[in-house]
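In case you want the letters, here they are:
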Amino acid sequence: MKKNLILAAAVATLFAACCNDKPEATSQADPAEVVMQNILSRKSVRSYNGDTIPAAVMENLLKAAMAAPSGRDLRPWQIVVMTDKSQYGTVFEGNFNMQKFMESGAVIILCADTTFTAPTRDNPDGPAVTQVNQLWRDDMGAVTENLLLTVEAYGLGACWTACYPYADRMDPIRKALALPAAVVPYAVVPIGYPNGDTQPKDKWDPARVHYNRW
Ligand SMILES: Cc1cc2nc3c(=O)[nH]c(=O)nc-3n(C[C@H](O)[C@H](O)[C@H](O)COP(=O)(O)O)c2cc1C
């Protein structure tokens, strides 16, 4: 009898172990550690193996980019995803490292609508007026960094490539893509699977921190 009870308990334990619906308890990654690792691993990658980026990954990169904060929540970004390399010669005619772009899986052109239409601050109950968004550059920096960090998280590589304020880089893009007059191509970001092993730089410098005084 005692033997049967022991056997039944063993079978029950085995059943619970095998057929329990609950996921096995796994050690949870420390969210702060995950974020720190992501930020500290990001680096500019300038050489890629030419592989295309899966559409679902690209959508997540763009989703993360658009999750950026923006002044007055105006979200000035407009994003052009370039994958048609036959157009690169015309679109990126201005002073860019073309080899880097041709090796990438996609080149993202992060554009900003520099205007918005809303009642003015002085007359919040008045009519909507088209105004210059003074904060678009700040907003676009946040978008760009969000994109770069998500690129890193996916094991991809990218390089923030300046476009604004250089006319020789902006003008061919504006012309080739027929951007509306108020839309500025702010930065160009080639993204691809890294060729080689680029290491992040250690930029931590406590001497640049000032507590309660300069
Ligand atoms: C506003 C801005 C413009 C940049 N423009 C270029 C560029 O035109 N070409 C380039 O190769 N890298 C460019 N970079 C990348 C920097 O060279 C790079 O971030 C810097 O050397 C630090 O290296 P890291 O990104 O690996 O930490 C730019 C970065 C920023 C933030």
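The model shown is predicted, which means the values in this text are computed figures rather than measured ones.

Colleague: How should I be thinking about unusual backbone geometry in this particular structure?
Modeller: Among all residues except glycine, the phi angle is most often negative; among peptide bonds, the trans geometry is most common. Cis geometry marks the peptide bond from Tyr164 to Pro165; its omega dihedral reads 10 degrees. Tracing the backbone shows Pro165 in the loop between β6 (161-162) and α7 (167-177). Positive phi values are uncommon outside glycine, yet Asp73 reaches one of about 55 degrees. Tracing the backbone shows Asp73 in the loop between α3 (55-66) and β1 (77-82). Judged by the 7 C-beta atoms lying within 10 Å of it, Asp73 falls in the exposed class. Positioned with a positive phi, Ala178 is a non-glycine residue whose angle comes to about 50 degrees.

Colleague: Looking at this model, I keep getting lost on helix α6 (residues 136-153). Mind explaining?
Modeller: At 3.6 residues per turn, the α-helix brings residues three or four places apart onto the same side. The end-to-end C-alpha distance of α6 is 26 Å, a good match for the 26 Å that 18 residues give at a rise of 1.5 Å each. Packing partners of the buried residues in α6 comprise α2 (31-41), α3, β1, β2 (106-113), β5 (157-158) and β7 (183-192). One or two steps after α6, the chain reaches Gly155, where phi turns positive at roughly 75 degrees.

Colleague: Any chance you could explain the nonpolar core here in plain terms?
Modeller: Here is a general trend for soluble globular proteins: nonpolar side chains tend to be buried in one another's company. Ranked by internal contacts, the top residues of the largest apolar core, which has 34 residues, are Leu110 and Val189. Elements with a contribution of two residues or more to this core: α3, β2, α6, α7 and β7. Here the element with the most residues in this core is β2; it accounts for seven residues.

Conventions used here
- Residues numbered from 1 in each chain as written.
- Predicted model: local features only at pLDDT ≥ 70, side-chain atom pairs only at ≥ 80, totals over all residues.
- Helix = DSSP H or I, 4+ residues; strand = E, 2+ residues; numbered from the N terminus.
- Buried ≥ 20, exposed ≤ 12 C-beta atoms within 10 Å, placed from the backbone.
- Expected span 1.5 Å × (residues − 1).
- Contact = placed C-beta atoms within 7 Å.
- Core = buried A, V, L, I, M, F, W, Y, C linked by C-beta atoms within 7 Å.

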